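Single-letter residue listing:
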Amino acid sequence: EGGSNDMADVLVNTKMIVLWGFEPTIVHFGPGHQLAYFIKMARERGVPVICIDPRYTVAAEVLADQWIPIKPGTDTAMILAVAYILITEGLYDREFVEKFVDLDGFDEWKAYILGETDGTPKTPEWAEKICAVPGETIRGFTYLYASKSPTWLWVGYGTYRKSRGENTVRAAMGLQAVMGYWGVAGGSVPDNMGMHSKPAAM
């Protein structure tokens, strides 16, 4: 088990909630199908909520402190850009990675993100051209994500129901892994299907 999806745990322990392509006000999920209510209570306790979604959803309007619109099907690019900042600026949890992550896999993933394997560093500016999220917004999100330990990150099923969409959830799982947001109270595996797959090159 890589984390907790129990909303009582999230309410008490998480420091930030990220709804990535996930709309809890209409999805039948969580205790008594009241996930959105628990997120609302967490926000009332001071936990920031960020919604990353192409649509201005009900959740973006009534639950989120920030809505980040993104071009559909390009989530992986933004996630890789977040990882680029975490790695190049040393913001990830090195102790957790050294203890719990396959280091060969991490080095392979890192080399890809830095552009050592394909000549293309996955910078925020690179991602901006793909996902239409400004590089400045990606950087701001990353610094907040790195400072709010742990973050409860939930990736909606729709983000990866596309060609090569599995890379989206794999990359998101990689983010949570390098930040040490797995296996801790208030952290999460990005989705319950993802618990059965392996982070990209990790």
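Basis of the calculations
Residues numbered from 1 in each chain as written. Predicted model: local features only at pLDDT ≥ 70, side-chain atom pairs only at ≥ 80, totals over all residues. Heavy atoms only, no water. Helix = DSSP H or I, 4+ residues; strand = E, 2+ residues; numbered from the N terminus. Buried < 20%, exposed > 50% of the residue type's maximum accessible area, 1.4 Å probe, protein only. Contact = heavy atoms within 4.5 Å. Salt bridge = Lys/Arg side-chain N within 4 Å of Asp/Glu carboxyl O.

Engineer: Any chance you could break down the overall build of the protein chain for me, citing the residues and the numbers?
Structural biologist: In terms of regular secondary structure, the protein chain is built from nine helices and four strands. Order of helices (α) and strands (β) in the protein chain, N terminus to C terminus: α-β-α-β-α-β-α-α-α-α-α-β-α. Per-residue burial over the protein chain gives 51% buried out of 202 residues. The contacts in the protein chain between residues at least 6 apart in sequence include a share of 72% that link residues at least 24 apart.

Engineer: Could you give me a rundown of the side chain of Thr57, with the residues and numbers involved?
Structural biologist: Within the secondary structure layout, Thr57 lies in the loop between strand E2 (49–52) and helix H3 (58–62). Of the residues examined, Thr57 reaches a relative accessible area of 8% and is grouped as buried. In this structure, Thr57 is in contact with Glu23 and Cys51, ignoring residues within four places of it in sequence.

Engineer: Outline the pattern of salt bridges, listing residues and values.
Structural biologist: Under the criterion given, the structure shown has five salt bridges. Salt-bridge contacts for Glu44 lead to Lys40; the nearest nitrogen and oxygen are separated by 2.6 Å. Taken together, the positions of Glu44 and Lys40, both in helix H2 (residues 35–44) and four residues apart, correspond to about one turn of that helix. The salt bridge involving Asp53 is made with Arg55; its shortest N-O contact spans 3.0 Å. Of the residues examined, Asp53 reaches a relative accessible area of 1% and is grouped as buried. In this structure Arg55 comes out as partly exposed when scored by relative accessible area, which is 44%.

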